[in-house]
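Okay, here's what each chain looks like letter by letter:
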Amino acid sequence: MMLPPLAKRTEMKAIRHIVAHLHSTKGRQNLVIFRNFFYVLAAIVLINSLLFHAIMEREQVVIPEGKNQTLDNDLLIAIYWVLITMSTVGYGDITFETHLGQFFSLAVMMSGVVYLFILLPFSFMEFFYKPLVKLQSESRVPREAPEGLENHVILTCYDSIARKLTRRLTEFDYGYIFLLNDLETAIDLVDHGIPVIYGPLDDQKSYIDAGIKKAAMLVATSSDVTNCNVAFTARSVRRDDAFKILSLCTHQASEDVLELAGSSKVLRLPAKMAEFFATRIIGGERSAHIIGQINDLCIAEARVRNTTLIGKTIRNSNLRDKLSLIVLGTMEQGRYHFKDLDKEITENITLLLAGTREKFEAYNQFYNPKGTNSAPQHVIIIGGGDVGRFTARALADHGIPYQLLDNDVEHVHTIPNAVLGDGAERSDLEKVGLDVATSVIITTADDELNFFLTMYCRKLRPDVHIFTRASRERNLDRLKNAGANFVISYDATGANFILNHLCPDNLITITEGLDLFRCPVPDKLVGKTVLASRLLPDLQCIVVAIVKGEKMLVNPRATDILQPQSEMILMGSTESERLFKETYSAETKPTPFTWALSKRT
């Protein structure tokens, strides 16, 4: 019978795997184990055969009239009986009549059960089948990057930051590939269709196989020691400045070592998260505080508590007519809402505004003429880990009073204004001034605890601003539902910062899932007004600015025309950007952005 071509290829592939396994060091070791196994089996069969011969000979003498008198008691018959009995087939053509022979039969049968039905299958699975299956699985993991992959990102660790980063890279059409020395993880990624190659991280060839000669960046997000090894090996393969190596750093003492090893940028995520919190604290109440800048365009958040805006709608606030500021939307209880012109402004709302720096200075002069309450009177930080420590340092640098609450004695002794206590105890929260606090920053690494503390603080102080850290992106909505005004996740912070470093122009993330992006005006929209483009009602994208050449039109009016050879700066969610790209077949890119706090420090 002729096998079909596919079956032939499968059979030949299996044979190649077997041959390859047998020629490997592990395969040769397993062959030795199997050889020894069968040596023992042969010895057992031989010993039992000799015992059978002796016991049967005795039985023929003891029972002269027995049925075994005519049995030819030779070695071949003995081996035949032993194998039949050990395999528990038991034809019954040869049986003992004495108790000694019967007990011997039971012993032979039990030895067969243990050796043939337990030890042999286990040994076969452990030393032959499993290695063969593993070898087949290993063969599915590529050892080289696919042809044509270039300007891509090489990642050396598959963690939560890498997972978030790959989604962001896909949004901006950047290629990527994982270089892993953990074979099980590599096999799992192959099964999920994620580009990966397998290779030792301390071998230059692994990076060459990953396409480092054509790559744009390498990202190392493992431990400090592993990242140092990765940076040094990768840099020894490619030394030009165009190739960027970004390494995560856990300990401050490791920063210099990672830079000396060849890292272009060393990232301490706790410091970046603290920057996020401090940026939103520094402005205080009644004042608009700028969180980022794109050339002349500034993005700012403005808390409206204690201002004359309370009770008005966005339409009759006249911010655009009086101050040339556009309301991009509102933040309430950690959730962003696109601007609704008839939405009433309440004291718990934070306005998201766009305009020039001069216009925001005018805003502050109008709503906070004497600079009163321009800084928070009191900030509480819960958690004295790295994020809490960096946040305390950033607030202290800007003269903002705070108290840090932590239940670790060592943290309390090493952090200024730290108090020993438990954030779950009302008396301890009152001890650090929860009743007069304007903001609470929750920075522990436990999302469940952060959820509890957020809900607890919200119940005790419904009017306080709560900033919460999330270790995992999936917990963002839960923390917002618990009452957090702002939530930032560890993995999203790392992914966005890495993307910022990769792109020639940086990316502004206003809040989780809400970005500014830019693109050339699509042909379908050229000549239309901003209003006629219907980007806001149809795609939930706001036109923040129009750029043509060196000129930027900030906050274009509904009647402004989208001209050819110009670019739009848009604000929207990740889903809005995806819909925009699909609708207009347009290529979006991150916007050039500078963190406000980074400029000030």
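Sequence order sets the numbering: in each chain, residues are counted from 1 along the sequence as written. Totals for whole chains, interfaces and linings use all residues, but because this is a predicted model, local features are given only for residues with pLDDT of at least 70 and pairs of side-chain atoms are given and counted only at 80 or more. With hydrogens and water stripped out, all remaining heavy atoms of the structure feed into the side-chain values.

Caption draft 1: View of the pattern of salt bridges. Salt bridge criterion: a side-chain nitrogen from Lys or Arg within 4 Å of a carboxyl oxygen from Asp or Glu. Under the counting rule described, the total for this entry stands at 10 salt bridges. Measuring nitrogen to oxygen at the nearest pair gives 3.7 Å for the salt bridge that ties Glu 448 to Arg 478. Here Glu 448 is found in helix α16 (residues 447–460), whereas its partner Arg 478 is found in helix α17 (residues 476–482), with 30 residues between them in sequence. Secondary structure elements are defined from DSSP: runs of H or I of at least 4 residues count as helices, runs of E of at least 2 residues count as strands, and each element is numbered from the N terminus.

Caption draft 2: Inspection of a nonpolar patch on the surface at higher detail. Together, Leu 46, Leu 50, Leu 75, Ile 79 and Leu 83 make up a nonpolar patch on the protein surface, roughly 440 Å² of accessible area in all. Elements supplying a minimum of two residues to the nonpolar patch: α2 (25–62) and α3 (75–86). For the nonpolar patch, the leading source of residues is α3, giving three residues. Topologically, Leu 46 is positioned in helix α2. Throughout, exposure labels follow a simple rule: accessible area from a 1.4 Å probe, protein chains only, divided by the maximum for the residue type, with under 20% read as buried, over 50% as exposed, and the rest as partly exposed. Taking relative accessible area as the criterion, Leu 46 reaches 46% and is therefore assigned partly exposed. Exposure above 30% relative accessible area and the lack of any salt bridge qualify a residue for a patch; like charges then connect within 9 Å, and the nonpolar side chains Val, Leu, Ile, Met, Phe, Trp and Tyr within 5 Å. Areas reported as accessible are Shrake-Rupley estimates using a 1.4 Å probe. Residue values count occlusion only from the protein chains shown.

Caption draft 3: The arrangement of the side chain of Asp 406 in detail. Structurally, the position occupied by Asp 406 is in strand β13 (residues 402–406). His is not counted, nor are the chain ends, whereas Lys and Arg count as positive and Asp and Glu as negative. Here Asp 406 sits buried without a salt bridge, and the closest side chain of opposite charge, Arg 389, lies 8.0 Å off (N-O distance). Pairs of N or O atoms within 3.5 Å make up the polar contacts considered here, provided that, within protein, one atom can donate a hydrogen while the other can accept it, and that residues adjacent in sequence are counted only when both atoms are side-chain atoms. In this structure the side chain of Asp 406 is engaged in a polar contact, spanning 2.5 Å, whose partner is the backbone nitrogen of Gly 384. With residues up to four places along the chain from it excluded, the contact list for Asp 406 reads Gly 383, Gly 384, Gly 385, His 411, Val 412, Val 419, Leu 420 and Gly 421. Contacts: residue pairs with any heavy atoms within 4.5 Å of one another.

Caption draft 4: Spatial organisation of the sheet that holds strand β6 (residues 265–267). Strand order in this open sheet of six strands is β3-β2-β1-β4-β5-β6, and the pairing throughout is parallel. A single partner strand is all that each edge strand has here, and the edge strands are β3 (196–198) and β6. Sheet twist, expressed as the mean angle between neighbouring strand axes with direction ignored, is 20°. Paired strands are those between which DSSP finds at least two bridges. Summarising the sheet, strand β4 (residues 217–220) and strand β5 (residues 244–248) pair through four bridges and their orientation is parallel. Looking at the pairing, Leu 218 lines up with Ile 245 of β5. Where helix α8 (residues 224–237) meets the sheet, its contacts fall on β4 and β5, and the angle it forms with β5 comes to roughly 170°. Every angle, taken between N-to-C directions, lies between 0 and 180 degrees, and every axis is a line fitted to C-alpha atoms, over only the stretch in contact when it is a helix.

Caption draft 5: Quick peek at the confidence of the model for the protein chain. A residue's pLDDT is the confidence the predictor assigns to it, expressed on a 0 to 100 scale. Of the residues in the protein chain, 87% have a pLDDT of 70 or more, and the chain-wide mean is 83. Within the model, the stretch residues 590–601 combines pLDDT values under 50 with 49 contacts to residues more than four positions away or in other chains.

Caption draft 6: Here's a closer look at the packing of α8 against helix α9 (residues 254–261). For the pair α8 and α9, the least separation of the axes is 8 Å and the interaxial angle reads 20°. Considered as vectors, α8 and α9 are oriented roughly parallel to each other. Facing Asp 224, Asn 227, Cys 228, Ala 231, Phe 232 and Arg 235 of α8, the residues of α9 in contact are Ser 254, Val 257, Leu 258 and Ala 261. Among the residues forming the contact of α8 with α9, the class breakdown is six nonpolar, two polar and two charged. Small angles under 35 degrees read as roughly parallel and large ones over 145 as roughly antiparallel, with 65 to 115 read as roughly perpendicular and the rest as oblique. Amino acid classes used here: Ala, Val, Leu, Ile, Met, Phe, Trp, Tyr, Cys and Pro are nonpolar; Asp, Glu, Lys and Arg are charged; the rest, including Gly, are polar.

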